[in-house]
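Each chain, letter by letter, is given below.
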Amino acid sequence: MSVRPARGTPWWIALSWLPALLLRPRGPRLLAVLVAAAVSAFFRDPERHPRGDGVLAAADGRIREVAQREDGRWFVSQYLGLYNVHVSRMPLSGVVTRRDHIPGAKKLAFSDDAVANERMEWAVATEWGELGLTQFSGAAARRIIPYVGVGAQVERGMRIGLIRFGSRVDLLLPHGFVPVVTVGDRPRGGRDVVAVQG
């Protein structure tokens, strides 16, 4: 697995290693190393390759909701814990037609109230229709860093942004795609398929 930091990793993460370098007593030094490693691991950016055809997971984490909307399109919501990779990836190839940053609250990302949180809403034109993707910040998250903008040609599995700390990612699938995941599943972004054509 790659240990390189994700694009958008704050510079001050390097400072978390100072206590590990400066402390002399073995106990405190070990604790400092563990804390620095955990903080650094949060911003890891592993290489990923799709496994199968269909809509890829946009992120790592636990599926918290799978539901069909009134218009027939399926909705898939995924919660990212602090231990998950927080680099978001594009589920299908297409063109970004909209990317809106919306300020909001800092509710816990796994709660239903998180829909009011700060978020980045994406619309992507694919050959099957529009794909909707929303990145939510959580109670601990303070920033969403997008890597691409409106008009960008994006490829399936491509990195599109970083959500700092706990968060959530929702997908609104194009018509004709049916989820193959259920609540509790833990797909990995850019690797695992969450929906296929029905």
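Described below are features of the structure shown in this document. (Residues numbered from 1 in each chain as written. Predicted model: local features only at pLDDT ≥ 70, side-chain atom pairs only at ≥ 80, totals over all residues. Heavy atoms only, no water.)

Quick notes on the sheet that holds strand β13 (residues 193-197)
Point 1. Strands sit in the order β1-β13-β12 across an open sheet of three strands; the sheet is antiparallel. Bordering the open sheet on either side are β1 (55-56) and β12 (177-179), each of which pairs with just one other strand.
Point 2. Looking at chain direction, β12 and β13 are connected through three bridges and run antiparallel. Bridge pairing in β13 places P179 opposite A195. (Pairing = 2+ DSSP bridges. Helix = DSSP H or I, 4+ residues; strand = E, 2+ residues; numbered from the N terminus.)

Considerations on the layout of surface pockets
Point 1. A volume near 250 Å³ is recorded for the largest pocket.
Point 2. Looking at the lining of the largest pocket, the elements that each hand over two or more residues are β6 (119-126), β7 (129-137) and β11 (167-172).
Point 3. When residues in the lining of the largest pocket are grouped by element, the largest group, five residues, is from β7. (1 Å grid on protein atoms, 1.4 Å probe; cavity = no way out; pocket = protein on both sides within 12 Å on 5 of 7 lines; lining within 4 Å. Points joined across faces, edges and corners; volume = space filled by probe spheres on them.)

A closer look at the nonpolar core
Point 1. Grouped together as the largest cluster of nonpolar side chains are 35 residues, with contacts concentrated most on V55, V148 and L173.
Point 2. Not counting the four nearest positions on each side in its chain, V55 is found in contact with P91, L92, L171, L173, F177, D192, V193, V194 and A195. (Core = buried A, V, L, I, M, F, W, Y, C linked by side-chain atoms within 4.5 Å. Buried < 20%, exposed > 50% of the residue type's maximum accessible area, 1.4 Å probe, protein only. Contact = heavy atoms within 4.5 Å.)

Nothing here speaks to function; it is all geometry.
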